[in-house]
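Next come the chains, spelled out residue by residue.
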Amino acid sequence: MRKKIVAGNWKMNMDLAEGLKFTASIDKYFKDKPSGKAQVILCTPFIHLAGASDILKHGKVALGAQNCASEASGAYTGEVSAWMIKSTGAEYVIIGHSERRTYYHEDDKLLSKKTLLAINSGLKVIFCIGESLNERESGKHFLIVKRQLEEGLFTLTENQMDMIVLAYEPVWAIGTGLTASPEQAQEMHKYIRDLVKEKYGNECAKKMPILYGGSCKPSNAAEIFSKPDVDGGLIGGAALKKEDFTAIVEAF
Ligand code: 13P
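Computed from a predicted model, the values in this text were never measured in an experiment. (Residues numbered from 1 in each chain as written. Predicted model: local features only at pLDDT ≥ 70, side-chain atom pairs only at ≥ 80, totals over all residues. Heavy atoms only, no water.)

Chemist: I tried to follow empty space enclosed by the protein on my own but got confused; where do I start?
Modeler: Unfilled space is identified by rolling a water-sized probe across the atoms. The final tally for this structure, using the stated rule, is one cavity of 30 Å³ or more. Looking at the largest cavity, its volume works out to about 30 Å³. Forming the boundary of the largest cavity are Gly96, His97, Ser98, Arg101, Cys128, Ile129, Gly130, Gln148 and Glu169. Breaking the lining of the largest cavity down by element, the ones donating at least two residues are α4 (98-103) and β5 (124-129). Per-class residue counts for the lining of the largest cavity are two nonpolar, five polar and two charged. (1 Å grid on protein atoms, 1.4 Å probe; cavity = no way out; pocket = protein on both sides within 12 Å on 5 of 7 lines; lining within 4 Å. Points joined across faces, edges and corners; volume = space filled by probe spheres on them. Helix = DSSP H or I, 4+ residues; strand = E, 2+ residues; numbered from the N terminus. Nonpolar A, V, L, I, M, F, W, Y, C, P; charged D, E, K, R; others polar.)

Pasting the structure below:
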């Protein structure tokens, strides 16, 4: 049985007080009401990590960051290293989100370097892949996802793949209200799992969680999560509202 995961990606939202208050309310919700099959993860901005870790430490909700530096330490003004993230008590980091690929020009090679640093620091990586609208409309979506996996991730060993959670996020579905249909999501998730199988074998592919992200909300989560190769969601906008986020977790 594969691990089911619902991760909230807050992106650049909530100040310190708002974020910690929200963290406490999510922590309390899942202490009172078990999240069932799903591991819940909050991926907060860096400033919340230490405080949120304190709040979450005796509960069931895990904590993650949204990015890490591409160097281990040193004179890199403004950067936050994977080890620093780990030292807050966080367990996860998102790497390769399309917003980082697009706005900060992070390419496959850089993402592969960040992923290795994160794993070596003891963090699990939520590694994001997905095509743009243009790429889908021109029929290149499978090729793009294959390249992102081969260049960004498949440099890892099979053992290191235990630290990976994959997230398929079609760029055209992020924050747009457009969602991949459950069939489109399943088709791509199956393709991704087959690529993992080809490279690392059946055992690795069978246990790899593959999350869907892109305008996931309470009204569509259950149908998307019901597909055999969809193991949960990476949630943006709907992760900022307790009612929506908890309803998505309960969609399993
Ligand atoms: P939305 O759920 O707001 O579309 O964002 C998805 C996302 O980018 C999660 O990482």
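Chemist: I would appreciate a short explanation of the layout of surface pockets in the present structure.
Modeler: The space that makes up the largest pocket amounts to roughly 480 Å³. Taken together, 18 residues make up the lining of the largest pocket; nearest its centre are Lys11, Met12, Gln66, Arg100 and Tyr104. Among the elements that take part in the lining of the largest pocket, α4 stands out by supplying three residues, more than any other. Considered class by class, the residues forming the lining of the largest pocket number nine nonpolar, six polar and three charged. As for the second largest pocket, its lining consists of 19 residues, and the residues nearest its centre are Gly175, Ser215, Gly236, Gly237 and Ala238. For the lining of the second largest pocket, a count of residues per class yields five nonpolar, 10 polar and four charged.

By themselves these figures say nothing about function.
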